[in-house]
Every structure is written in C-alpha cells, then in structure tokens.
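# Architecture and fold: a report
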Amino acid sequence: MSFSFFINVACRLATVILVGGLSCPRAGAAVLGQIAGDFEPIAGYVVMVRNDGVVLDLDAADGVQVGDLFHVLSGGEDLVHPVTGEILGQLATFKGTLRVGRLQQGFSHARILESSALISPGDAVRRYERLPAVFWDYSGGGKPLFLMLRDALNHMDWMPYGAAQEMKPETPAPLPAVADAVVFVCQDDRLIVKGADFQTIREYDAAVPGSRPWEDAAAFAPAPAAARAETEARAPAVFVAKKKGLLPTKHLSPVFQSAHLLAKLPGGAVKMSAFHPQENGLLMATTDGSDIFIHQISDAVRLLAQQASPFLDPVIFLSWWRPDTTMPPMLVVVNFTDRSPVTTLYAWTGETLRKVRGPIPRFVAGFDADGDRQRELLLAQRFAPEEFFSRHIETIELPDGDLRYAAPGISFPARFTLSGSLLADLTGDGTPETVFIRNNILYIFSGEKLLHKSPKVMGGGLLGLTYDVNPGAQNLMTRTVTVEIPPVAADLDGDGAEELLAVASEQSFLSRASGLSSDIQHTWLAVLKYQEGVFQSGTLGEKINTPVQGMAVHDGKVLLVLTETGSLFENGGQSKLVAIPLAF
C-alpha cells in the first residue's frame, strides 16, 4: 500500500486557487522563497473604519501589496485561569475579510469584502492565514509544483489535488463560488497571481533577476517504471534515493509488503488502542468506549481480559505507564464524564486489571522520555473548557500509593496536548522533542522552539467530543475536540535513526464543521525524517478507506488497528488488527 497526502477543505469566500498552465512543471518562473514571502501571514491591526473601508497599520515596508487579503479577528473575552487568576489569552472571533486597495507610507487602505460582525479599530488582521487553497492543473503534470507550493504555504488549507481537478473549469476563469478569490495562474514560463474579480496582483517569470527556475520540480516527477523499479530494489526500506538538492521524497517506496489480518477484535468498533512492549511480544489495550480489552500479541493474538469502563460515560483515551521494571505495567483509562475528563489507573496483574487510583480530575497519559520503549513518565493536563487542554501540565507520582503532582522538568509549548502526542529524539541531539497533533496539524517542538508544522491533514481520530463550554448560561456555547491517537517513533529504514510515523486523513467538510469525526474519507500514514537540519515529509503505503485507531511498530512490522466508520452508528461494529512487514 502507498499513501499520498490530501487535505480536505471546502471552497469558501476568499479562497486561494492555484491554476496550473500548460507547462506548469517546467515554468522557470519564480523562486519558491519569494512566493512564500509574498504570501506569508503578516499580522497587523485595524486603525480606522470608514463606510465599507478600513485603514490598517501596515504598508509596503511590511511586505503588503495591493490586492492582498486579510482576515479580521477580534480578541474578545479574556481567558482567566480559575485558580491562579492568570490571563491565558483571548478567544479570537472571525469578523470579516479585507482586500488592500491602496498603500501609503505608514498605513494602507482596504475594502471590506465580507463581514459577520462589526469591524472596529484595534481588531487584529492576518494576511492569507488559514485561507483555503486549490490547485487547478491544466498541464497534467503540475502536481510536483502543487506539492512544493503546498509545503511552502502550509499556513493555508489545501484542497486535495484530485478533488481540485474534478471541479476546475475547462479554461482558467473565475467561478461564482470564488468571486473574491485569489487565483494563481501558472502558464508556460510564468505564474500570474490574480485577486478578487480576477484582477492581477502579482506576476513571476523566468526573467526575474536571481530567480531559480522550477528545475527542482523534476525531482518530484514520477520516474519511468523501469528506473523506479531499479531504485526501489536498492532502497533499504521506506526512503528511496533522493535527487540532487536533498529535496523531500513525497511518495516513498518501496514501503511494505501486503498487509495480512492478525485478528478480528472483540466488542464494538474500536475507538482507541494502546500498545506496551514485553519480552514475549506486545500487550494491546483497546476500547469501544464501553468496555476495555487486553490482548497478547506474539505469534498470534489472544484475548486476555475484558473489563467494563469505570464510568457510564465513554472511554476516550488509553495509554500505558510503567514507572520502573519492578512494577507491573499500568493502564491509564480516561473517561469524559460530567463535562470534563477523569482518569483511572489500573495495574495489569497478568490476568486482570486491578484498580490502583482514581478518579483523577485530569487528562492523564504515559510517555517514554528516555527512548527505552517503556512509558516511565506520567503526565497530567488540566481541563480548560474553552480549549479542552489547558497549558498546565504536571507529572504524577505514586510514592507508597499516595498521589503526588510535581513540575514536569520539561519545557512544553503552549498548545501541547496529551492526546495525539509523544516525546522522541527525532533530531539525534540526545534530547527528546515534543510532538503533538492538534486541530489536524502536527507540530514538532524542541522546548518552546517550533521545528516543524505540517499541513492540515494530520490525525484521524473517531472520538469527537462536543460539550458545553458555559453550561447554565443563557447563550450556550459548545466546543468540539477530537482525541487523536499518538504518532510513533521508530527506525523505519534501518539507518539507526528514528523516523516519525503518524496517521493522516482526508475528512469531509461536514465532519470538520460539525464535529462528526467519523466522516473520514481516506486515511494514510505520514512519515517525517530529520535530514540536513529539516524534517522531510513523505508517505508510507497507499490510501485506505478505513480509519486507523491504533498503531505500533514491532518486530519489523507496522501494526494497525482498523475500524470501519460505518459501524460506529450500529451495534456490534467490527474492527481488526493487521500487520504490514516493513521492506528492510
């Protein structure tokens, strides 16, 4: 199986559209860095509002050009910590879209294209940030350029390449649904950027002094079948030989051999699973939200125990914790009850789960901080109604059975979440990086320094929780959060360094807008490898139509828990465990 990246997004007002011309892949038009700079998300403020126009505190010196699009955001209500009183931030509210029409020294004039609330002085503005992006390829070979632009402009939301081709007009032309859109028209040796009403706002061609032609796009082009087979035969595992320039390999092959079924899993549709290594194989815990199942994975898969959830409300997360080898492994079970997460700790006796502690009013998860495959670190994160995961993270210890919280001794980024996360030394500097998936974006941090931010395709959890932020209030406000399965760090290509393996997915616009996380169109495995000081991205295997609800790498195989989405709304839904040997 071979996976490829897709990003789901719906066309909406102020959509960014990339239109491929007849010779798009070989257009020696512009330096990718120049385009990235021209569309970087510049931040500013509204200074004055007059009729249908506003004045911004940005000018040409800030990089602003006529035709640029800005979102208007209002800071809104302060988020105050209920215990410390600290102001954690503000709830940002989208208020409208602007288009710059005139520049003057020290400020610029912009017209209001769309507004959902009254725009006022002091409102924040962001250029091109979170705008959808669509690529129309009229050359039939423009996908390499699409991939490069998508990575360079990853602050935008990108429509899947295939879906964009299905909706493109016969010839480049504005569509009624995107009348105020920005349109990147790639034709022969130039890239023309058009704004609302199809007006040209930027143009790049090969005559630009110092520009580098798009020759590097050839590094992404599919090789002839014979040459590709020869390359794949020499590849040690996931990553094939790269072309000149050490560009990221987007489709990594050979990947693995055919998957084979290990077991059909008991209970209803599995929504979360967790793996724990042992001398004789793996322990696997799964849950359908109501019951917890413990399996032994060695030469075969054997069900060891089944136990009911500690609460009537659903189980939303599982992980393992083993503080030292003298203690039995403990299963960490998180439920969402009484509008907040609570955790129960169980010791695995070899035959049953014995309750050790709980309920703990935190979201709790076990982590491997030293790379020995044992999750010796137990972290707890407080609940924040507005964001679900607060910024307050603690460690949990159980000296003599007493619960004790302490400072973690690790610097975590502000938006770190215990769901969909891990600690792993991916750069080889001897210190683990923090990795987490939040709002379909995968982040990698070293301390508080951002090392990598993915396009908005990561994750694919089936657990979407919708809850009241302010229960009892006259005007109720709800929030939806998806609890993601953690990525995995493993040496996939046999070179002695660990790569990052994470679930990615294409979801329908309806699922993202409504919180129906089960509406996943396709799933694939994304791979990140640290080389030459950057994380190079690729894929492992093909797209599949079944969401992945658990993942591990063990004994030269990728183990996947697959759950049919249609069974989530039926009794007795079936999930399965499959093994896919890596091609070392």
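Not measured: the values here are computed from a predicted model.

Tallying secondary structure elements over the protein chain gives 5 helices and 40 strands in all. Counting only residues that meet the buried cut, the protein chain has 52% of its 584 residues in that class. Counted over contacts in the protein chain with a minimum sequence separation of 6, partners at least 24 positions apart contribute 58%. Accessible surface, the protein chain as shown: approximately 24800 Å² in total, 50% of it carbon and sulfur.

Glancing now at the packing of aromatic side chains. Within the structure shown, the criterion is met by 18 aromatic pairs. Centroid distance F416 to F436: 5.4 Å. Interplanar angle 75 degrees. Geometry classified as edge-to-face. Taken together, the residues span a long stretch of sequence, with F416 in the loop between β27 (404–406) and β28 (421–424) and F436 in strand β29 (residues 433–438) at a distance of 20 residues. By relative accessible area, which is 1% here, F416 ends up buried. An aromatic cluster of three or more residues is present, and its members are F317, F336, F363, F383, F388, F389 and Y467. Seen from the ring of F39, R202 lies directly overhead, with NZ or CZ sitting 4.8 Å from the centre. Its end group placed over the ring of Y405, R362 keeps NZ or CZ at 4.6 Å from the ring centre.

Moving on: unusual backbone geometry. Backbone torsion omega between G358 and P359 reads 5 degrees, so that peptide bond is classified as cis. Mapped onto the secondary structure, P359 falls in strand β23 (residues 353–360). Notably, Y128 is not glycine yet its phi reads approximately 60 degrees, a positive angle. For Y128, the position within the fold is in the loop between β9 (124–127) and β10 (132–137).

Time to look at the confidence of the model for the protein chain. Reading predicted coordinates in detail is not appropriate for stretches of low pLDDT. Overall, the predicted model of the protein chain reaches an average pLDDT of 77, with 76% of residues at or above 70. The least confident element of the protein chain is helix α4 (residues 225–234), whose mean pLDDT is 32; the most confident is strand β24 (residues 363–367), at 97. Note that residues 1–30 has pLDDT below 50 and, in this model, 160 contacts with residues that lie over four places away or in other chains. Within the model, pLDDT remains below 50 along residues 567–572, and this stretch shows 9 contacts once partners closer than five positions in the same chain are excluded.

Secondary-structure assignment places N335 in strand β21 (residues 330–337). The exposure class of N335 is buried, given its relative accessible area of 0%. For N335, the residues in contact, after removing those within four places along its chain, are S309, P310, F311, D313, P314, V315, I316, S340, P341 and V342.

Secondary-structure assignment places N545 in the loop between β37 (534–544) and β38 (548–554). For the pair formed by N545 and S505, sequence separation is 40 residues and the distance between their alpha carbons is 9.5 Å.

Another aspect to go through is the pairing of strand β40 (residues 575–581). Most of β40 is tucked away, with 6 of its 7 residues classed as buried. Where strand β15 (residues 260–265) meets β40, 5 bridges bridge the pair, whose relative direction is antiparallel. Its bridge partner being in β40, L265 is matched across the sheet by S575. Direction of pairing for strand β39 (residues 557–563) relative to β40: antiparallel, over a ladder of 7 bridges. Note on β40: the bridge partner recorded for L559 is A579.

Quick look at helix α2 (residues 143–152) now. The element α2 is largely enclosed, with a buried count of 7 among its 10 residues. Taken as a whole, α2 has its buried residues at P144, L145, F146, L147, M148, L149 and R150.

It is worth spelling out the sheet that holds β39 at this point. What the 4 strands build is an open sheet, ordered β15-β40-β39-β38; its pairing is antiparallel. Edge positions in the open sheet fall to β15 and β38, since each of these has one partner strand only. Going across the sheet, the axis of each strand differs from the next one's by a mean of 20 degrees, ignoring polarity.

Looking now at the sheet that holds strand β25 (residues 377–384). Sheet architecture is open: 4 strands sit in the order β24-β25-β26-β27, paired in antiparallel fashion. Taken across any chain shown, the strands that pair with only one partner, and hence form the sheet edges, are β24 and β27. Looking at each pair of strands side by side, their axes are set apart by 40 degrees on average, direction ignored. Bridge count between β24 and β25: 5 bridges; the pairing is antiparallel. Bridge pairing links F363 to Q381 in β25.

If you look at the biggest cluster of nonpolar residues, it comprises 59 residues, and the most contacted ones within it are I294, I316, L331, F363, F388 and L560. The element best represented in this core is strand β20 (residues 315–321), accounting for 5 residues. In contact with I294, not counting residues within four places along its chain, are L283, M284, A285, R302, L303, L304, A305, W320, L331, W348 and L353.

Using the criterion set out here, one finds 13 salt bridges in the structure. One salt bridge connects E394 with R382, and the closest N-O pair in it is separated by 3.6 Å. With E394 in strand β26 (residues 388–397) and R382 in strand β25, the pair connects residues that are 12 residues apart, well separated along the chain. Judged by relative accessible area, which is 9%, E394 ranks as buried. Exposure remark for R382: the relative accessible area of 22% places this residue in the partly exposed category.

It is worth spelling out the side chain of T344 at this point. Here T344 shows up in strand β22 (residues 340–348). Taking relative accessible area as the criterion, T344 reaches 1% and is therefore assigned buried. Not counting residues within four places of it along the chain, the set of residues in contact with T344 comprises P310, F311, L331, V332, V333, K355, R357 and G358.

Definitions and limits used
- Residues numbered from 1 in each chain as written.
- Predicted model: local features only at pLDDT ≥ 70, side-chain atom pairs only at ≥ 80, totals over all residues.
- Heavy atoms only, no water.
- Helix = DSSP H or I, 4+ residues; strand = E, 2+ residues; numbered from the N terminus.
- Buried < 20%, exposed > 50% of the residue type's maximum accessible area, 1.4 Å probe, protein only.
- Contact = heavy atoms within 4.5 Å.
- Areas by Shrake-Rupley, 256 points an atom, 1.4 Å probe, with all protein chains shown as cover.
- Phe/Tyr/Trp six-rings, centres within 6.5 Å; stacked < 30°, edge-to-face > 60°.
- Lys NZ or Arg CZ within 6 Å of the ring centre and 35° of its normal.
- pLDDT = per-residue confidence, 0-100.
- Pairing = 2+ DSSP bridges.
- Axes fitted to C-alpha atoms, helices over the stretch in contact; angles between N-to-C directions.
- Core = buried A, V, L, I, M, F, W, Y, C linked by side-chain atoms within 4.5 Å.
- Salt bridge = Lys/Arg side-chain N within 4 Å of Asp/Glu carboxyl O.

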